[in-house]
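Structure at a glance
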Amino acid sequence: MSSAPLPPTKTGTVLPTQEVLRAREKLVLDHFEDEVRQDWDSVLSTFPHPHYELIASMTVHDGDGAVRNYYHDTRVAFPDQHHEIIAIRHSPDAVIVEFWLIGTHLGPLGKIPPTGGRHRTRMTAYFIFDANENLVTERVYFDQLSILKQVIGHLDKKKPRDLLTLLRVVRGMLAMAGGEPDGRLLR
């Protein structure tokens, strides 16, 4: 195995060595696997300082406690949450993972009540490394509307119970809307 950097890309950027790329990829795959198992201590150990950026909601979860709360809240909402990896790519400072996130909305998500609906949503996560090869950020891109359409799509608007659930979902969304985006994502 060569420890020399790979040849420059078409843009002239030099990628890290194959050894570094493999080590990064292993860390990211372990991170994904530990998330599915809900082994939060192992997931958090992949970061010196846990830091998640959710671009769709313009929110940041920074630090052990904030990230644990994020995990808790999302697994209450989607207890069966798991993923299917589509592709893994490397850049000079990141591992980029395209994946399907899959889950059933069985608990509240913030102020949005459970709908019982399932979603399968295509996402991309950038696992960003610093110069010392520490994972410093997981930055996730996805379409919130895609998830929402799927988790309410099974509701029958002609049934009073489903219509009431839909009304509660809209009310919950409105209660959560309008907050300021995290300023760290605007710089």
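We now turn to the structure provided with this report. A quick note: this is a predicted structure, and the numbers were derived from the prediction, not measured.

Re the side chain of Asp162
- Mapping Asp162 onto the fold places it in helix H5 (residues 160-176).
- Here Asp162 occupies a buried position and makes no salt bridge, while the nearest side chain of opposite charge, Lys159, is found at 5.2 Å.
- In this view, Asp162 contacts His154, Leu155 and Asp156; residues no more than four positions away in its chain are not counted.

Quick notes on the packing of aromatic side chains
- Under the counting rule described, the total for this entry stands at eight aromatic pairs.
- Aromatic pair Tyr126 and Tyr141: ring centres 5.6 Å apart, planes at 70°, arrangement edge-to-face. Taken together, the residues span a long stretch of sequence, with Tyr126 in strand E5 (residues 118-129) and Tyr141 in strand E6 (residues 135-141) at a distance of 15 residues.
- The class for Tyr141 is partly exposed, based on a relative accessible area of 37%.
- Cluster of aromatic residues (ring-pair linked, three or more members): Trp40, Phe47, Tyr52, Tyr70 and Tyr71.
- In this arrangement the basic side chain of Arg120 is found over the ring face of Trp100, its NZ or CZ atom lying 4.1 Å from the centre.

Conventions and cut-offs
- Residues numbered from 1 in each chain as written.
- Predicted model: local features only at pLDDT ≥ 70, side-chain atom pairs only at ≥ 80, totals over all residues.
- Heavy atoms only, no water.
- Helix = DSSP H or I, 4+ residues; strand = E, 2+ residues; numbered from the N terminus.
- Buried < 20%, exposed > 50% of the residue type's maximum accessible area, 1.4 Å probe, protein only.
- Lys, Arg positive; Asp, Glu negative; His and termini not counted.
- Salt bridge = Lys/Arg side-chain N within 4 Å of Asp/Glu carboxyl O.
- Contact = heavy atoms within 4.5 Å.
- Phe/Tyr/Trp six-rings, centres within 6.5 Å; stacked < 30°, edge-to-face > 60°.
- Lys NZ or Arg CZ within 6 Å of the ring centre and 35° of its normal.

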